[in-house]
Amino acid sequence: LYLPGRGGNLRFGLASAAGTKWLQDAARIETRYRPGELIYEISDPLLGGGRLRLEAIAYAATEGLIVRIEGGGVSPGVDLVWAFGGVNGERGARDGDIGTERVPISQWFQLKPEFADGNRLTPQADGFTLVAPQASIAGVASGAVKVEAADAAAWGDLSALLASTGGAPSRPVAVGRMAIPTGAPAYLSLQRLFVTGQETKELERSEERRGEGKSVD
């Protein structure tokens, strides 16, 4: 998420008795774009002969997104894992424009454990609230989901991230786990909560933009 400024990373994975895997490492991912929406069709040996479909769409009236989750023909005992965290409000050279950072933009947006410094996480029965000095984010999931705090230091390794749950890490991220829904979809919503004192200033206009000439009356 971008607030503007880093508003946290959302990541999905698979977990079963056969192993764990972040979805970005799945054997096959088909991605399609519709205005304001991304659709992912995922297949992997952990899913058996089935497929997982994720549809992510941004909210129109508030800052956030909702993800529709549905499986088909998935082997029993396979769970979907999602993880979210790393809110620190850091802004890029030109707010994330491609080619303006010292590293590739895909690398710039990756979560680092220190991004979770100062984050306070409260797991709830159906989601979580994450409060940082720059913003507060509420996560709500439908269906039967277990949400716990995990250690951001284990973000890169899904097995280690799941193993780090159950404590009170100093750099927390939220981790949720649910059975992959079949027959009817499940949903995960992330929404920014507007709290007094957390307003994010927009970029100054013409003076901070590169390549713009003087205005002409």
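Okay, so let's go over this structure. (Residues numbered from 1 in each chain as written. Predicted model: local features only at pLDDT ≥ 70, side-chain atom pairs only at ≥ 80, totals over all residues. Heavy atoms only, no water.)

**Digging into the pairing of strand E8 (residues 120–124)**
Thought 1: Bridge count for E8 against strand E9 (residues 127–131) is five bridges, and the pairing is antiparallel. Within E9, the position partnered with Pro123 by the bridge is Phe128.
Thought 2: Turn length for the E8-E9 hairpin, with the two strands adjacent in sequence and antiparallel, is two residues. (Pairing = 2+ DSSP bridges. Helix = DSSP H or I, 4+ residues; strand = E, 2+ residues; numbered from the N terminus.)

**Here's the deal with the sheet that holds strand E1 (residues 7–16)**
Thought 1: One open sheet accounts for five strands, arranged E2-E1-E7-E12-E11; its pairing is antiparallel. Strand pairing shows two members of the sheet lacking a second neighbour, strand E2 (19–22) and strand E11 (146–151), which therefore form its edges. When the angles between neighbouring strand axes are averaged without regard to direction, this sheet yields 25°.
Thought 2: Pairing between E1 and strand E7 (residues 79–87): eight bridges, direction antiparallel. Bridged to Leu10 within E7 is Phe84. (Axes fitted to C-alpha atoms, helices over the stretch in contact; angles between N-to-C directions.)

**Focus: the sheet that holds strand E10 (residues 136–141)**
Thought 1: Strand order across the open sheet formed by eight strands is E3-E4-E5-E6-E13-E10-E9-E8, with antiparallel pairing between neighbours. The open sheet is flanked by strand E3 (28–34) and E8, the only strands paired with a single partner. Strand-to-strand, the axes of this sheet are offset by a mean angle of 15°, without reference to chain direction.
Thought 2: By the bridge criterion, five bridges tie E9 to E10 in an arrangement that is antiparallel. Across the sheet, Thr129 pairs through a bridge with Ala138, a residue of E10.

**Overview of the pattern of salt bridges**
Thought 1: Across all of its chains, the model carries 14 salt bridges by this definition.
Thought 2: Between Asp117 and Arg171 there is a salt bridge whose closest N-O contact spans 2.6 Å. Of the two residues, Asp117 sits in the loop between helix H1 (105–108) and E8 while Arg171 sits in the loop between helix H2 (158–163) and strand E12 (172–179), which places them 54 residues apart along the sequence.
Thought 3: With relative accessibility at 40%, the residue Asp117 sits in the partly exposed group.
Thought 4: Ionic contacts of the salt-bridge type, sharing partners, join the residues Arg28, Glu30, Glu41, Arg51, Arg53, Glu55, Arg68 and Glu70 into one network. (Salt bridge = Lys/Arg side-chain N within 4 Å of Asp/Glu carboxyl O. Buried < 20%, exposed > 50% of the residue type's maximum accessible area, 1.4 Å probe, protein only.)

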